[in-house]
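Listed below, chain by chain, are the residues.
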Amino acid sequence: MPRLAFRDVSVRLGQKQALSGVSFEMQERRVAIVGRNGSGKTTLGRVIAGLQAPDSGQARVDGADLARDRKTALRSVGILFQNPDHQIIFPTVEEEIAFGLVQLGRSRDQAARETAEILARFGKAHWAKAATHALSQGQKQLVCLLSVLAMNPALVVLDEPYSGLDIPTRLQLMRYVDGIAAHVVQITHDPQTVRDFDRVLWLDDGRIRRDGPAAAVLPEFERQMRTWGGLDDLAHLAD
Ligand SMILES: Nc1ncnc2c1ncn2[C@@H]1O[C@H](COP(=O)(O)OP(=O)(O)OP(=O)(O)O)[C@@H](O)[C@H]1O
């Protein structure tokens, strides 16, 4: 069971303090990160995946420093970006999935075997030679998810995985995600998709505003979003 520990993590991006002294420990299976645009959710996800080093403080998974120990970060944490077009780099589905496995040190043959296995496990063996550019958004998102799952991470960060998908595709992908053994940290604007999660962190301006069970945090979050949504002051949006 991966234990994620943030101690006083701060990140500055250009002029913006994206995270300010964020501390938490988590071991729950399903954790959601919510918050307004620009509140620091993606930055937090990137720190968890070892893609963004904190300017100060420490982020650890099972005791390993995510910023310094790239090998552990790569093995322990997978990340699914919001836009699959930012993730997919290879012309065919099998090459895309095999790439991460080769990065982990598998031989090409072993990577090809494991790629075939994961495609078969999700009923998509016939996708192996498919051209990635010709897939729909939902299909691309599933290929990205399978690429991450093939690497068998203990923890998967999903950054807005369902935005831009139609309802059936979203429901199907949600079912896939429900079925995976890895722990999940899901960044979302849609409380509906994380209602039954074990824990919700609500970020506001780079800080944790609330942290608790979904049943306690989400109603308060939605109320506050509606209150802010009712105002005509766009000052915050222009921040
Ligand atoms: N590369 C960058 N350079 C400068 N500022 C950045 C950069 N990336 C993000 N920021 C700023 O850092 C803050 C946090 O951004 P982040 O993407 O983490 O927010 P978010 O909560 O994921 O937002 P959204 O819901 O809109 O995706 C924002 O104010 C953003 O403008």
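Residues numbered from 1 in each chain as written. Predicted model: local features only at pLDDT ≥ 70, side-chain atom pairs only at ≥ 80, totals over all residues. Heavy atoms only, no water.

1. Regarding the packing of aromatic side chains
Enumeration over the complete set of coordinates arrives at four aromatic pairs. Consider the rings of Phe 90 and Phe 99, whose centres lie 5.1 Å apart with planes at 40 degrees: the pair is tilted. Taking 5.1 Å as the distance between ring centres and 50 degrees as the angle between the ring planes, the aromatic pair formed by Phe 122 and Tyr 176 counts as tilted. With Phe 122 in the loop between α4 (108–121) and α5 (137–150) and Tyr 176 in helix α6 (residues 167–179), this pair connects stretches of sequence that are 54 residues apart. Judged by its relative accessible area of 13%, Phe 122 falls in the buried class. Its guanidinium or amino end placed over the ring of Trp 127, Lys 124 lies 5.4 Å from that ring's centre, counting from NZ or CZ. (Phe/Tyr/Trp six-rings, centres within 6.5 Å; stacked < 30°, edge-to-face > 60°. Helix = DSSP H or I, 4+ residues; strand = E, 2+ residues; numbered from the N terminus. Buried < 20%, exposed > 50% of the residue type's maximum accessible area, 1.4 Å probe, protein only. Lys NZ or Arg CZ within 6 Å of the ring centre and 35° of its normal.)

2. Quick look at the pairing of strand β2 (residues 16–26)
Each regular strand carries side chains that alternate between the two faces of the sheet. By the bridge criterion, seven bridges tie strand β1 (residues 4–13) to β2 in an arrangement that is antiparallel. Bridging across to β2, Val 9 finds its partner in Val 22. (Pairing = 2+ DSSP bridges.)

3. Focus: the UniProt feature "domain: ABC transporter" (unreviewed entry) in the protein chain
The sites that UniProt annotates as "domain: ABC transporter" (unreviewed entry) are residues 4–230. In this annotation, residues 4–230 is assigned 37% helix and 27% strand; the end-to-end C-alpha distance for the span is 36 Å. (UniProt positions renumbered as here; feature names shortened; annotations may be inferred.)

4. So, unusual backbone geometry
For Asp 8, which is not glycine, the phi torsion reads 55 degrees and is therefore positive. Residue classification places Asp 8 among the partly exposed residues on the basis of a relative accessible area of 46%. One non-glycine residue, Asp 62, lies in the positive phi region at around 45 degrees. Following the sequence through the fold, Asp 62 ends up in the loop between β4 (56–61) and β5 (64–65). Its relative accessible area of 51% is what places Asp 62 among the exposed residues.

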